[in-house]
Amino acid sequence: MSEALLRIEELSVAFGRRGGRGGQQVLDQVSLEARSGEILGVIGETGSGKTTLARAVVGLSPVTGGRISVDGVELTGLRGRALREYRRSGAAQYLFQDPLRALDPDLTVRDLVAEPLAVTGAGSREQRSERAAAALQQVGLDPVLADRLPGQLSGGQRQRVLLARAVVTRPRLLLADEPVSALDASNRNHVLRLFDRLRKELDVAVVIISHDLSSLAGIADRIAVLYRGRLVEQGPTAEVLSRPLHPYTALLTASAPSVRREHDLHPAQLRATVPWEGVGCVFAPRCAFAEDACRVRPEAQARPGGREVACHHADDWRARIAAPVLAH
């Protein structure tokens, strides 16, 4: 197996006073990896820290602990000129959730895609224009669109312009925040297939942030599950979705009818029925299997097949499920 291109070790992020120290904890000791040519899906409900994780990788969120490295370069150790030069290299590219707001409304598509090259001073204006045209073709856009403004494009076209703008720098890592959440089914499938093709053609590591399991089920090689800033489970997509080790992952898949799964659990079997007080496992207040042991924070446990889970009852919670609950 190839070395990890993106390596995140014990990452913590907090927002508050004094550069984030002593404020609200958003990510708490998260560790994960992504390799070249691989798509890693990061899932979790709103507020789980998914976007903060991606933004921390490109320096847009205040890291208060841990390390981040991309292609052997430790980003958390870069300062001043070294950090600016790395950012301008375009090695790591972030695709914002809303393409319309991320694209300058007064620039043409050609200028938008070529702009990252102008920032780095790569080639002449003509050479940058040629590379922009090649990037547009790479994401399946007609060259005739190059002279249009973002407001003259459809949602799917704007998303592909954002992707062309990212790949024009020939990056090693792509981070996409909810890239298909605002698209209809046809455009959603087209963009997802595009990510799948580009990760092979460009040999890049791709991290896709999403709350929609169905969007990741068909293209992600591995899935990492976040809950309230903690990584509760990760592993190969098919294994995680068909036989989750953590009750929260099971709850997510049970609540997504479009995701094919084998465990066939109902959400009501996984939700807490009695109040919970205390600290420890962040999911305990919502978990049907929480008990005294859960007052101690569970550590990540490695499992066969490249899986990992942070749960005291990963081996026995299934056996404790009550009789099947019929859907109304």
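All values reported here derive from a predicted model rather than from experimental measurement.

(A) Summary view of the environment of Arg101. Along the chain, Arg101 falls in helix H3 (residues 99–102). Of the residues examined, Arg101 reaches a relative accessible area of 76% and is grouped as exposed.

(B) Broad picture of the sheet that holds strand S9 (residues 222–227). Across the sheet, which stays open at both edges, the eight strands sit in the order S6-S7-S8-S3-S9-S10-S12-S11 with mixed pairing between neighbours. At either end of the open sheet lies a strand with only one pairing partner, and these are strand S6 (92–95) and strand S11 (301–303). Put simply, the sheet's adjacent strands are angled 20° from each other on average, direction ignored.

(C) A look at the side chain of Gln93. Relative to the helices and strands, Gln93 is located in strand S6. Accessibility expressed as a relative area gives 15% for Gln93, which makes it buried. Excluding anything up to four places from it in sequence, Gln93 contacts Ala166, Thr169, Pro171, Leu173, Leu174 and Leu175.

(D) Broad picture of helix H5 (residues 125–138). Along its 14 residues, H5 runs 20 Å from first to last C-alpha, staying within 8% of the 20 Å computed at 1.5 Å per residue. Every buried residue belonging to H5 is among Arg128, Ala132, Ala135 and Leu136, and all of these are buried. Buried residues of H5, viewed axially, fall in a sector of 100°; they line one side. Opposite its buried face, H5 presents the exposed residues Glu126, Glu130 and Gln137, each directed more than 90 degrees away. In this fold, the buried residues of H5 make contact with helix H4 (109–120) and helix H6 (155–167). In the segment just after H5, Gly140 is the residue with positive phi, at about 80°.

(E) Molecular detail of helix H1 (residues 50–57). Here H1 lies mainly inside the structure; six of its eight residues are buried. Those residues of H1 lying buried are Lys50, Thr52, Leu53, Ala54, Ala56 and Val57. Within two residues after H1, Gly59 carries a phi angle of roughly 80°, on the positive side.

The rules behind these values
Residues numbered from 1 in each chain as written. Predicted model: local features only at pLDDT ≥ 70, side-chain atom pairs only at ≥ 80, totals over all residues. Heavy atoms only, no water. Helix = DSSP H or I, 4+ residues; strand = E, 2+ residues; numbered from the N terminus. Buried < 20%, exposed > 50% of the residue type's maximum accessible area, 1.4 Å probe, protein only. Pairing = 2+ DSSP bridges. Axes fitted to C-alpha atoms, helices over the stretch in contact; angles between N-to-C directions. Contact = heavy atoms within 4.5 Å. Expected span 1.5 Å × (residues − 1). Arc of directions from axis to C-beta.

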